[in-house]
Amino acid sequence: NAIRQVRQKIHLQGHIGATLEDGQYKRSRDVAVCDAFINDFLTRFHTDYIDIGMIHFVDDLDDWSTIQTQGILEYSLQLKQKGIIRAIGLSSHAPNVALKAVQSGNIDVLMFSINPMFDLLPAQTQIDDLFEQKSYDHSASSGINPSRQQLYETCARLGVGITVMKTLAAGLLLGAETSPFGKPLTIAQCEHYALTRPGVASVLVGCVSSEQVNQA
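Because the structure is a prediction, the values reported are computed rather than measured.

Rules of the game
Residues numbered from 1 in each chain as written. Predicted model: local features only at pLDDT ≥ 70, side-chain atom pairs only at ≥ 80, totals over all residues. Heavy atoms only, no water. Salt bridge = Lys/Arg side-chain N within 4 Å of Asp/Glu carboxyl O. Helix = DSSP H or I, 4+ residues; strand = E, 2+ residues; numbered from the N terminus. Buried < 20%, exposed > 50% of the residue type's maximum accessible area, 1.4 Å probe, protein only. Pairing = 2+ DSSP bridges. Core = buried A, V, L, I, M, F, W, Y, C linked by side-chain atoms within 4.5 Å. Contact = heavy atoms within 4.5 Å. Phe/Tyr/Trp six-rings, centres within 6.5 Å; stacked < 30°, edge-to-face > 60°. Lys NZ or Arg CZ within 6 Å of the ring centre and 35° of its normal.

Caption draft 1: Summary view of the pattern of salt bridges. Evaluation of the coordinates by the stated rule reveals six salt bridges. The closest approach of N and O atoms between arginine 7 and aspartate 51, which form a salt bridge, is 3.0 Å. Linking arginine 7 in the segment before β1 (13-16) with aspartate 51 in strand β4 (residues 50-55), this pair joins segments that are 44 residues apart in sequence. Across the pair, aspartate 51 and arginine 7 agree in class, each one buried. Measuring nitrogen to oxygen at the nearest pair gives 2.5 Å for the salt bridge that ties aspartate 40 to arginine 44.

Caption draft 2: Region of the structure containing unusual backbone geometry. Unlike most non-glycine residues, aspartate 22 shows phi in positive territory, near 55°. With respect to the helices and strands, aspartate 22 occurs in the loop between β2 (18-21) and β3 (24-27). Take aspartate 22: its relative accessible area is 83%, and that puts it in the exposed class. In the Ramachandran plot, phenylalanine 57 falls in the positive-phi region, its phi being about 60° despite a non-glycine side chain.

Caption draft 3: Representation of the pairing of β3. In this sheet, β3 lies alongside β2 in antiparallel orientation, the contact comprising four bridges. Bridging across to β3, leucine 20 finds its partner in tyrosine 25. Adjacent in sequence and paired antiparallel, β2 and β3 are bridged by two residues, among which aspartate 22 carries a positive phi angle near 55°.

Caption draft 4: Up close: the nonpolar core. Ranked by size, the top nonpolar core spans 38 residues in total, and within it Leu110, Ile114 and Leu151 carry the most contacts. Excluding anything up to four places from it in sequence, isoleucine 114 contacts Asp119, Tyr152, Ile162, Val164, Met165, Lys166, Thr167, Tyr193, Ala194, Arg197 and Val200. In terms of nonpolar packing, the next biggest core, distinct from the first, is built from eleven residues, Leu168, Ala169, Ile187 and Cys190 among them.

Caption draft 5: Spotlight on the packing of aromatic side chains. Tallied over the entire structure, the rule returns two aromatic pairs. Taking the centre distance of 4.5 Å and the plane angle of 35° together, the rings of phenylalanine 41 and phenylalanine 45 count as tilted. Residue phenylalanine 45 is classed as partly exposed on the basis of its relative accessible area, which comes to 32%. Taking 6.1 Å as the distance between ring centres and 70° as the angle between the ring planes, the aromatic pair formed by phenylalanine 112 and tyrosine 152 counts as edge-to-face. Of this pair, phenylalanine 112 sits in strand β6 (residues 109-113) while tyrosine 152 sits in helix α5 (residues 146-158), and the two are 40 residues apart along the sequence. On the basis of relative accessibility, which here comes to 0%, the residue tyrosine 152 falls in the buried class. The ring of phenylalanine 57 has arginine 27 sitting right over it, with the charged end atom 3.9 Å from the ring centre. Here arginine 86 stacks its cationic end above the ring of tyrosine 49, 3.8 Å away from the centre of that ring.

Listed below in structure tokens is the structure:
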């Protein structure tokens, strides 16, 4: 209700492939389930369109193949054609998967985790390992992984806007004991890092306090 009078000033992102079952979040690749979630989203937000329809959490190539061949991508394209979504997005933590999706020509927006911590790690790093400090034991001075740099440059070249998640590495970069660099970074430094990568259009900052909101 709070956004009904300012809808045109707000960008809403609705997920295609995320759903609730008995109040519990889960992923789905069932088109009917995805459609029910999108319709519920439209109803809850009192709107007839979603700015970005984000194909949700695609972290392996087999899943991307499923999305392309079993209806999810076609459903997303139909939503865009009807004007129900304005842009097709895809969220991923895996640069090799994200690159394939971007190169397909069907993705307008990529939601991807970018920060100076994650950028050190190889393309095949699993999502849980991104948050394990031991993953960074031998990489803190290695520089950005080429696969990630290639992804960002490809997005810039093809006009795919990156919206950044995990800007603060879930807060790990803000503590000296959890930062792989041996000292904490500020929120501004993390934001600046992400915003200066090729292709990045915006950063999403998860804050746990009003102080962090003010810093952001």
